[in-house]
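Spelled out, the chains give:
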Amino acid sequence: MSDAETSVSATESTTEAKKKVLLEVNDLKTHFPIRSGVLQLTTGHVKAVDGVSFKVHEGETLGLVGESGCGKTTVGRSLLRLIPATGGTVHFDGTDVLHAGGMELRRLRREMQIIFQDPAGSLNPRMRIASIVGEPLRVHKMCTDKDELRERVEALLVKCGMPRLAADRYPHEFSGGQRQRIGIARALALEPKFIVCDEPTSALDVSIQSQILNLLADLRDDLGLSYLFISHDMAVIQHICDRVAVMYKGKIVEQGSREEVIENPQHMYTKALLSAVPEADPMQKKQRIKFEGMAM
């Protein structure tokens, strides 16, 4: 490595060290019981998440990547307490998330949000968009005036690339990409600091994926958001993430900066994931790497 490269690397490390740690996860475990027999006795456990540790800094996007079934979605839902964790610790901005209760938990609900994978399934088909996006504001009593609520909902929709009149329509009247924009607007309603993006583009056409990724990146920069971006697609992770954590069978097997993980992967599973990313040039063929136990 040249002196210039060493200097750049040192500068990046210093900048990283100065960033405030917003979310710190240590040895997180989420196990699900296996029940069998007439009495449905517990005969074992599925270790969906088995000792995961990572940090997310302010204004940063950490990509959590792995194949389906590796436990990455369970990580995201466990740290938001949508699924009860079995063990470990989660600290958000100095607060113990897993043991918070009462007003403290209510505050965390405002500051930590999620964007779901399936935009159609995450929106109530019987509610108008105005009610869907405005519901968090009503529940948390952040807006009680009807006219003010309407104005804030419309402003959120516009910020996410939707017209104001979309507020009067139902979810089924929109495309998949538009529904995901509505889901993003709902996640932004409470002005959170941190958002779990649970494969927000995997259910969308390739032509729409880049638009949603660019929207998320712009919102992160404009609002100072931090993301845990969950995906099985290394190409998507490369596009939006600052750092990458690779997950396999409930554990993180490798993590580092985007450049470190993608350009110089150390674990064979990471190399296998990268080898599965298609080349832009159809004439250029890539040698696929097979990893034992990996669904290819």
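The coordinates are above.
Residues numbered from 1 in each chain as written. Predicted model: local features only at pLDDT ≥ 70, side-chain atom pairs only at ≥ 80, totals over all residues. Heavy atoms only, no water.

## A word on the sheet that holds strand S1 (residues 21-36)
Okay, step 1: Ordered in space as S2-S1-S4-S5, the four strands form an open sheet in which the pairing is antiparallel. Since the sheet does not close on itself, it has two edges, and those belong to strand S2 (41-57) and strand S5 (95-96), each with one partner.
Okay, step 2: Bridge count for S1 against strand S4 (residues 87-92) is five bridges, and the pairing is antiparallel. If you follow Glu-24 over to S4, its bridge partner there is His-91.
Okay, step 3: Where helix H2 (residues 72-79) meets the sheet, it contacts S1, S2 and S4, and its direction lies at approximately 110° from that of S1. (Pairing = 2+ DSSP bridges. Helix = DSSP H or I, 4+ residues; strand = E, 2+ residues; numbered from the N terminus. Contact = heavy atoms within 4.5 Å. Axes fitted to C-alpha atoms, helices over the stretch in contact; angles between N-to-C directions.)

## Thoughts on the layout of surface pockets
Okay, step 1: The space that makes up the second largest pocket amounts to roughly 460 Å³.
Okay, step 2: Lining of the second largest pocket is provided by 23 residues; of these, Leu-82, Arg-109, Met-112, Gln-113 and Ile-114 occupy positions nearest its centre.
Okay, step 3: Looking at the lining of the second largest pocket, the elements that each hand over two or more residues are helix H3 (102-111), strand S6 (112-115), helix H4 (129-139) and helix H6 (176-188).
Okay, step 4: Of all the elements, H4 adds the most residues to the lining of the second largest pocket, at four residues. (1 Å grid on protein atoms, 1.4 Å probe; cavity = no way out; pocket = protein on both sides within 12 Å on 5 of 7 lines; lining within 4 Å. Points joined across faces, edges and corners; volume = space filled by probe spheres on them.)

## Some words on the pairing of strand S8 (residues 226-231)
Residues in a regular strand point their side chains to alternate faces of the sheet.
Okay, step 1: Buried residues dominate S8, accounting for six of its six residues.
Okay, step 2: Residues Ser-226, Leu-228 and Ile-230 line one face of S8 and the alternating positions Tyr-227, Phe-229 and Ser-231 line the opposite face, and both faces are buried.
Okay, step 3: You can see the chain leave strand S7 (residues 194-198), run along helix H7 (residues 206-223) and come back into S8, and the turn it takes is right-handed. (Buried < 20%, exposed > 50% of the residue type's maximum accessible area, 1.4 Å probe, protein only. Right-handed = clockwise from strand over helix to strand, strands pointing away.)

## So, the side chain of Gln-180
Okay, step 1: Mapped onto the elements of the fold, Gln-180 is located in helix H6.
Okay, step 2: Not counting residues within four places of it along the chain, the set of residues in contact with Gln-180 comprises Ile-115, Phe-116, Gln-117, Pro-119, Pro-200, Leu-204 and Ile-212.

## What to know about H7
Okay, step 1: With 18 residues, H7 ought to run about 26 Å at 1.5 Å a step, and its terminal C-alpha atoms sit 26 Å apart, in line with that.
Okay, step 2: Among all positions of H7, only Gln-209, Ile-212, Leu-213, Leu-215, Leu-216, Ala-217, Leu-219 and Arg-220 are buried.
Okay, step 3: The elements touched by buried residues of H7 are strand S3 (61-65), S6, helix H5 (146-159), H6, S8 and helix H8 (234-240).
Okay, step 4: Directly after H7, the chain includes Gly-224, whose backbone phi takes a positive value near 70°. (Expected span 1.5 Å × (residues − 1).)

## Observations concerning the nonpolar core
Okay, step 1: Counting 51 residues, the largest nonpolar core has Leu-157, Ile-184 and Phe-229 as the members making the most contacts within it.
Okay, step 2: Every residue in contact with Ile-184, bar those within four places of it in the chain, is listed here: Ile-115, Cys-160, Ile-212, Leu-215, Leu-216 and Leu-219.
Okay, step 3: Counting residues in hydrophobic clusters, the runner-up holds 30 residues, among them Leu-23, Val-25, Leu-28 and Leu-79. (Core = buried A, V, L, I, M, F, W, Y, C linked by side-chain atoms within 4.5 Å.)

## Concerning H2
Okay, step 1: Counted residue by residue, H2 has six buried out of eight residues, so it is predominantly covered.
Okay, step 2: Every buried residue of H2 is listed here: Lys-72, Thr-74, Val-75, Gly-76, Ser-78 and Leu-79.
Okay, step 3: At the C-terminal side of H2, Arg-81 shows a positive phi close to 65°.

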